[in-house]
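Structure assessment
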Amino acid sequence: MTGGGGASSRPARVAPRAPAAHLLQTIENTNPTYKLMIVGRLLDRLISRQVKDLADLPLAEWKVMAMLGMLKEGTASEIAATSLSDPAEVSRAVNALEARGMIQREENPRNRRSTLVSLTRGGQQHWRDTAARRAQLTRRVLSSLSAEEVKALDDMLARLAAAILEAEEQIG
């Protein structure tokens, strides 16, 4: 505690938590797209907390590492576009990860105005270790579904993503 204000040593939360029963009741009585949005936000919140605990990284930095773990290398713009992240946020994360020794930059032979970033050996190991431990959370979250339901969910989410991207193109 500091200065009599009653502050605790726990980190501040990004958003206050709604009581679970209230949240579940609220989304039960809404349309599917709103439910998807809420589930996405819940998942973001859970992943953010888990990544902070497991990797000691903010979510923005983890997203860059995860994208580089999959892509092997890319520009900050490519990472932002692929991860649907804000380019400025990706740029800050790239700088922070470089300072931590998790990523490296090299000249981009396709475009001299940008650099390619990739995971260092230490970054690759950190990404693999964290991704393996994150897989446990994925299994836990999906454990209430059968293998067939998980496959069906995966298929439906892929179709919904394609439909959303198509709708974005039509809207412009």
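Residues numbered from 1 in each chain as written. Predicted model: local features only at pLDDT ≥ 70, side-chain atom pairs only at ≥ 80, totals over all residues. Heavy atoms only, no water.

1. So, the packing of helix α3 (residues 59-71) against helix α5 (residues 87-99)
The following threshold applies: Every angle, taken between N-to-C directions, lies between 0 and 180 degrees, and every axis is a line fitted to C-alpha atoms, over only the stretch in contact when it is a helix. Strands here are runs of E lasting at least two residues and helices are runs of H or I lasting at least four, both read from the DSSP assignment and numbered beginning at the N terminus. Should an angle lie under 35 degrees it is considered roughly parallel, over 145 roughly antiparallel, and from 65 to 115 roughly perpendicular; all remaining angles are considered oblique. The contact definition used throughout considers only heavy atoms, calling two residues in contact when any of these lie within 4.5 Å. Amino acids are sorted into nonpolar (Ala, Val, Leu, Ile, Met, Phe, Trp, Tyr, Cys and Pro), charged (Asp, Glu, Lys and Arg) and polar (every other residue, Gly among them).
Where α3 meets α5, the closest approach of the two axes is 9 Å, and the angle between their N-to-C directions is 80°. Classed by the angle they form, the pair α3 and α5 counts as roughly perpendicular. Between α3 and α5, the contacting residues are Ala60, Glu61, Val64 and Met65 on the first element and Glu89, Val90, Ala93, Val94, Ala96 and Leu97 on the second. A per-class count over the contact of α3 with α5 returns eight nonpolar, no polar and two charged.

2. Side note on the nonpolar core
In plain terms, the rule: Buried residues of nine kinds, namely Ala, Val, Leu, Ile, Met, Phe, Trp, Tyr and Cys, make up a nonpolar core once their side-chain atoms join them within 4.5 Å. Burial classes follow relative accessibility: with a 1.4 Å probe on protein chains only, a residue under 20% of its type's maximum area counts as buried, one over 50% as exposed, and anything between as partly exposed.
In this structure, Trp62, Val64 and Met65 are the most contacted members of the largest nonpolar core, which totals 23 residues. Elements that contribute at least two residues to this core include exactly α2 (32-55), α3, α4 (76-83), α5 and β3 (115-119). Not counting chain neighbours up to four residues away, the residues in contact with Val64 comprise Ile79, Val90, Ala93, Val94 and Leu97.

3. Some remarks on the pairing of β3
Selection rule: We treat two strands as partners when DSSP finds at least two bridges between them.
Counting buried residues in β3 gives four out of five residues, a clear majority hidden from the surface. The pairing of strand β2 (residues 103-107) with β3 spans five bridges and is antiparallel. Paired with Glu107 across the strands is Thr115, a residue of β3.

4. Section: the pattern of salt bridges
This is how it is decided: Put simply, a salt bridge is a Lys or Arg side-chain nitrogen that is within 4 Å of an Asp or Glu carboxyl oxygen.
The full count for this structure, using the stated rule, is six salt bridges. The salt bridge involving Glu61 is made with Arg100; its shortest N-O contact spans 3.0 Å. Linking Glu61 in helix α3 with Arg100 in the loop between α5 and β2, this pair joins segments that are 39 residues apart in sequence.

5. Looking at the sheet that holds β3
Read across the open sheet, the three strands follow the order β1-β3-β2; overall the sheet is antiparallel. Both edges of this open sheet fall to β1 (73-74) and β2, since each of them pairs with a single strand only.

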